[in-house]
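Results of the structural survey
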Amino acid sequence: MHLKDSSISIEAITSFMHSHFPNTFLKEQHFTMAEYHVPVSAGGVASIFDLLESHKKHLNIIHFSVSQTTLDEVFINFAQSHSSPDNSRESGQETPQLVAI
């Protein structure tokens, strides 16, 4: 998402995202751009888009995009989770699908 200016509190936006989509986390932030990962929930991508669109002015967002995780990202996440030396992940446990904002 692109914010109006760099003085906007990213903590306020993160708090807003957490209140509507638990387990959301800020992936990256550079000046007026921020990217979040949001676990897929009921309503999917459409509910995330609708919520952000309806609160865009209040959150000082110029524009945003919502997209599903690519197959490349799923593969990389899967490979990373299974390459840890301690193998702390239980077999059969799946990584939740994420949506990037």
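Above this text is the structure in question.
Residues numbered from 1 in each chain as written. Predicted model: local features only at pLDDT ≥ 70, side-chain atom pairs only at ≥ 80, totals over all residues. Heavy atoms only, no water.

**Here's the deal with the environment of N23**
The cut-off we apply is this: Segments assigned H or I by DSSP are reported as helices when at least four residues long, segments assigned E as strands when at least two residues long, and all are numbered from the N terminus. Residues count as neighbours in contact if any of their non-hydrogen atoms are within 4.5 Å of one another.
Within the secondary structure, N23 is located in the loop between α1 (10-20) and β2 (25-30). Between the alpha carbons of N23 and V38 there is a distance of 7.0 Å; along the sequence they are 15 residues apart. Not counting residues up to four positions away in its chain, the partners in contact with N23 are H37 and P39.

**So, the environment of H20**
So the rule is basically this: The buried label applies to any residue whose accessible area, calculated with a 1.4 Å probe on protein chains only, is under 20% of its type's maximum; exposed applies above 50%, and partly exposed to all values in between.
Assignment of secondary structure puts H20 in helix α1. Overall, H20 belongs to the partly exposed group, its relative accessible area being 38%.

**Regarding the pattern of salt bridges**
Formally: Any carboxyl oxygen of Asp or Glu that lies within 4 Å of a side-chain nitrogen of Lys or Arg is treated as forming a salt bridge with it.
The full count for this structure, using the stated rule, is two salt bridges. The closest approach of N and O atoms between K27 and E35, which form a salt bridge, is 3.7 Å. Since its relative accessible area comes to 22%, E35 is described here as partly exposed. Its salt-bridge partner being K56, residue E53 comes within 3.8 Å of it at the nearest N-O pair.

**Quick notes on unusual backbone geometry**
A positive phi is found at F31, a non-glycine position, where the angle reads about 50 degrees. With respect to the helices, strands and loops of the structure, F31 is situated in the loop between β2 and β3 (33-39). Here N60, not a glycine, exhibits a phi torsion of approximately 60 degrees, which is positive. By the element assignment, N60 lies in the loop between α2 (44-54) and β4 (61-63).

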